[in-house]
Amino acid sequence: MTASAQIFVTRTPAAAGELIDELLEGVGKSLLSSSSGAIELLCVPLHEAELIPQNAREVARELLRQSLKGQFDAVTFTSRNGVRAFEQLIASQALPFPSETLIAAVGQGTAAELKKLGITANFIPDIQDAQHMIQQWPASAGLNQRILCVQGANARPTLREGLKALGHRVDVATVYQMRDFPAESALVQGSKSYGEYEPLSLNQAFEVAQGRTSADNSTARILIATAPSLLRAFYQGWVTSPQGSRENFPHLIAIGKSTALQAVELGLTATVPASPAASDLATAACDTLLHLTR
């Protein structure tokens, strides 16, 4: 059966399991069993997180130790990877944080990862991005707080600079970095598959996509981009591949505001779902797909 549509997701199948289920449920009802063809889901993780290099870890560990001793008024976590790297770096250190420390998580997924460590996030913005963390930062916390931002090496300066602009003193603990998939020492070990779905390299995904382009120009394509850096890497790979171009780049679903801003910088138009939740990403993809295949 010829695929009537292809949906690319910039996560491993294991990480995208809930999203895969939501997509199959949403598009399956109307298209997966259609005589016009099937939906092809392609998981293209591109990058994978690993701890920062050995020679940089002690600096990060010292800041994390200070935070666990109550030497910071607040600690921010802006990704699941940041929480995972935090756990690995502090290892045997005492948890949780002192009760008076404000623990800020960018979204529910990050908060859930903290909960696995017995840490409760007591501040989560309504919308999952750094800008809303800044806008909704608790006024009751007062001014001139000492804040530690736990983040990755490729993090944008938005949160750090925004908190400084509010009158706070900000330190940064860089705890992880991104490497091309598969990373040699990935933060998340174990199988990266989910059911029948296996992670694909960028080249493998392009071979599938461009093979379909040669056979059927009517194939609709959607990219669900889950981070600015992943969108940038996918775009650069696509437009420099033999049959890729800006004109045939997939219709874009951006997980949040920062990824949508990256799309603007690349000259792309993105649909941003109501939230980064799997159900909302799938709804946005399904709505786009139904519009494209009418």
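The structure presented is a predicted model; accordingly, all values stated were derived computationally and were not measured.

What counts, and at which threshold
Residues numbered from 1 in each chain as written. Predicted model: local features only at pLDDT ≥ 70, side-chain atom pairs only at ≥ 80, totals over all residues. Heavy atoms only, no water. Core = buried A, V, L, I, M, F, W, Y, C linked by side-chain atoms within 4.5 Å. Buried < 20%, exposed > 50% of the residue type's maximum accessible area, 1.4 Å probe, protein only. Helix = DSSP H or I, 4+ residues; strand = E, 2+ residues; numbered from the N terminus. Contact = heavy atoms within 4.5 Å. Axes fitted to C-alpha atoms, helices over the stretch in contact; angles between N-to-C directions. Parallel < 35°, antiparallel > 145°, perpendicular 65-115°, else oblique. Nonpolar A, V, L, I, M, F, W, Y, C, P; charged D, E, K, R; others polar. Left-handed = near helix turned anticlockwise from the far one by under 90°. Pairing = 2+ DSSP bridges. Disulfide = S-S within 2.5 Å. Phe/Tyr/Trp six-rings, centres within 6.5 Å; stacked < 30°, edge-to-face > 60°. Lys NZ or Arg CZ within 6 Å of the ring centre and 35° of its normal.

A.B. asks: Describe the nonpolar core, listing the residues and the values that go with them.
C.D. replies: Ranked by internal contacts, the top residues of the largest apolar core, which has 29 residues, are Leu64, Phe77, Phe86, Phe97, Leu114, Leu148 and Val175. Elements represented by at least two residues in this core include exactly strand 3 (47-51), helix 2 (57-68), strand 4 (74-77), helix 3 (80-90), strand 5 (102-105), helix 4 (108-115), strand 6 (146-152) and strand 7 (169-180). Examining the composition of this core, we find that five residues originate from one element, helix 3, more than from any other. Those residues in contact with Phe97, other than ones at most four positions away along the chain, are Ser67, Leu68, Val75, Phe77, Phe86, Ile103 and Ile119.

A.B. asks: Explain the packing of helix 2 against helix 3 residue by residue, including any values.
C.D. replies: Contact geometry for helix 2 and helix 3: axes closest at 10 Å, N-to-C directions at 90°. Taken together, the axes of helix 2 and helix 3 are roughly perpendicular relative to one another. Touching Arg57, Ala60, Arg61, Leu64 and Leu68 of helix 2 are Phe86, Leu89 and Ile90, all from helix 3. For the contact of helix 2 with helix 3, the per-class residue count stands at six nonpolar, no polar and two charged.

A.B. asks: I'd like a rundown of the packing of helix 3 against helix 4, residues and numbers included.
C.D. replies: Helix packing geometry: the angle between the two helix axes and the distance between the axes. Closest axis-to-axis distance for the helix 3/helix 4 pair is 8 Å, and the angle between their directions is 20°. The orientation of helix 3 with respect to helix 4, classified from their angle, is roughly parallel. For helix 3 against helix 4, the interelement crossing comes out right-handed. Residue-level inspection shows Arg80, Val83 and Arg84 of helix 3 in contact with helix 4, the latter providing Gly109, Thr110, Glu113 and Leu114. Each residue belonging to the contact of helix 3 with helix 4 can be placed in one class, and the counts come to two nonpolar, two polar and three charged.

A.B. asks: Lay out the sheet that holds strand 6 in plain terms, naming residues and giving numbers.
C.D. replies: The sheet built from five strands is open, its strands ordered 3-7-6-4-5 with mixed pairing. Strands with a single pairing partner mark the edges of an open sheet, and in this sheet they are strand 3 and strand 5. Each strand of the sheet is rotated relative to its neighbour by a mean of 25°, with strand direction disregarded. Sheet analysis places strand 4 next to strand 6, joined by four bridges and oriented parallel. Opposite Thr76, over in strand 6, you have Cys149 as the bridge partner. Helix 3 rests against strand 3, strand 4, strand 6 and strand 7 of the sheet, and its axis sits at about 100° to strand 7.

A.B. asks: So, the state of the cysteines: which residues are in play, and what are the values?
C.D. replies: Tallied over the entire structure, the rule returns zero disulfides. Between Cys43, a cysteine without a disulfide, and Cys286, which holds the nearest cysteine sulfur, the sulfur-to-sulfur distance is 15 Å.

A.B. asks: Any details on the packing of aromatic side chains? Residues and values, ideally.
C.D. replies: Taken as a whole, this structure holds twelve aromatic pairs when the rule is applied. Centre to centre, the rings of Phe123 and Trp137 are 5.5 Å apart; their planes meet at 75°, and the pair counts as edge-to-face. One end of the pair, Phe123, is in the loop between helix 4 and helix 5 (130-135); the other, Trp137, is in the loop between helix 5 and strand 6, and 14 residues separate them in sequence. Each ring, one from Phe206 and one from Phe234, has its centre 5.6 Å from the other, and the planes form 80°; the classification is edge-to-face. Highlighted residues: Phe206 in helix 7 (residues 202-215) and Phe234 in helix 8 (residues 228-239), separated in sequence by 28 residues. We classify Phe234 as buried; its relative accessible area is 0%. Through pairs of rings, three or more aromatic residues link up here, namely Phe8, Phe206, Phe234, Tyr235, Trp238 and Phe249. The side chain of Arg146 reaches across the aromatic face of Phe72, ending 3.9 Å from its centre.

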